[in-house]
Protein chains: 2
Amino acid sequence: MTFTDAEIAYLDSQLLGRLTTIDAQGRPQIRAVGVHYNPETRTIDVVGWGLAKSQKFRNASRNPEVAFIVDDLASTNPWRPRSVEIRGRAETLTGPGVSPWGDEVIRIHPRRVVAEGLDPSGDGRYNARDLPS
Amino acid sequence: MTFTDAEIAYLDSQLLGRLTTIDAQGRPQIRAVGVHYNPETRTIDVVGWGLAKSQKFRNASRNPEVAFIVDDLASTNPWRPRSVEIRGRAETLTGPGVSPWGDEVIRIHPRRVVAEGLDPSGDGRYNARDLPS
């Protein structure tokens, strides 16, 4: 199991995530992107218009180590942050139908997942785990 | 000028940003953090309980190259994303009063700022610029 049901429901409920890639100088860049969990491949698929020409696509092609986060505040009083962070390796693919959401994709294979605040009881439980590769 | 008035107003209006640091293996991690623009130092100050013991603090101490983003959707119909991305070098400081918001800080000195969608006219204008170091 890559993600729990609560994590998948949370990923599917959110519109924006943030993808970090590393450039040719070893420096991070971070961009807001859509959130697409692909249940067939159990990956996060980052898609978008002109993706293959973007710096993040070039970065991920050169260095597949990426990180991705989806987060928000379930409430501010009490302060209840929620997040799913994913660290993993990216594949960069182009071609008809490579992803359900587009013909160009940065596909993130999770290696580590850190979830916080997704327990419905609201206890802010922190769940960090490494996945078999 | 490090940030425009519109960028500062936007940073001050948002509760959450995301900070990327690079670990000892050269892999990115990304965490949700509060947003604090420090007008005295013209930096982003990342603070928080137990910060100096966190992985992001250790990462930034070892490798000062970081990236930070604040983003949201001004509206979904029409789709109007807004964001300020900051790439720069971090200082990690501890001691009484090192930051207005805490005694432990990851202080981000911007080297590059990429702002999107902050023009009140809503034209999604993209403003990327490098800053003198």
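What you are looking at is a predicted structure, and each value in this text was computed from that prediction instead of being measured. (Residues numbered from 1 in each chain as written. Chains lettered and ligands numbered in written order. Predicted model: local features only at pLDDT ≥ 70, side-chain atom pairs only at ≥ 80, totals over all residues. Heavy atoms only, no water.)

### Description of the pairing of strand β1 (residues 16-22) of chain B
All names here are of chain B. Buried residues dominate β1, accounting for 7 of its 7 residues. Here β1 shows no split at all, with Leu 16, Arg 18, Thr 20 and Ile 22 on one side and Gly 17, Leu 19 and Thr 21 on the other all buried. In this sheet, strand β2 (residues 28-34) lies alongside β1 in antiparallel orientation, the contact comprising 7 bridges. Paired with Arg 18 across the two strands is Ala 32, which belongs to β2. Linking β1 back to β2 in an antiparallel pair, the connection comprises 5 residues, with Gly 26 at a positive phi of about 80 degrees. Bridging between β1 and strand β5 (residues 65-76) involves 3 bridges; their strand directions are antiparallel. By the bridge assignment for β5, Thr 20 is matched with Ala 67. (Buried < 20%, exposed > 50% of the residue type's maximum accessible area, 1.4 Å probe, protein only. Helix = DSSP H or I, 4+ residues; strand = E, 2+ residues; numbered from the N terminus. Pairing = 2+ DSSP bridges.)

### Let's talk about the confidence of the model for chain A
Confidence in the prediction of chain A, expressed as mean pLDDT, is 93, and 95% of residues score 70 or more. In the predicted complex, the global pTM is 0.94; the interface-specific ipTM is 0.92. (pLDDT = per-residue confidence, 0-100.)

### So, the relation of the copies chain A and chain B
Here the two chain copies are tied together by a rotation about an axis and a shift along that axis. Least-squares fitting of chain A to chain B yields an RMSD of 0.0 Å, with the superposition described by an axial translation of 0.0 Å and a rotation of 180 degrees. Between the two chains, the operation in question is that of a two-fold axis. (Least-squares fit on C-alpha atoms with pLDDT ≥ 70 in both.)

### A few points about the side chain of Lys 56 of chain B
Turning to its location among the elements, Lys 56 of chain B is positioned in helix α2 (residues 55-62). For Lys 56 of chain B, which is buried and forms no salt bridge, the nearest opposite charge comes from Glu 116 of chain A, at a distance of 8.3 Å. If sequence neighbours within four positions are ignored, Lys 56 of chain B has contacts with Leu 19, Thr 21, Gln 29, Arg 31, Val 33, Leu 51 and Ile 106 of chain B. (Lys, Arg positive; Asp, Glu negative; His and termini not counted. Salt bridge = Lys/Arg side-chain N within 4 Å of Asp/Glu carboxyl O. Contact = heavy atoms within 4.5 Å.)

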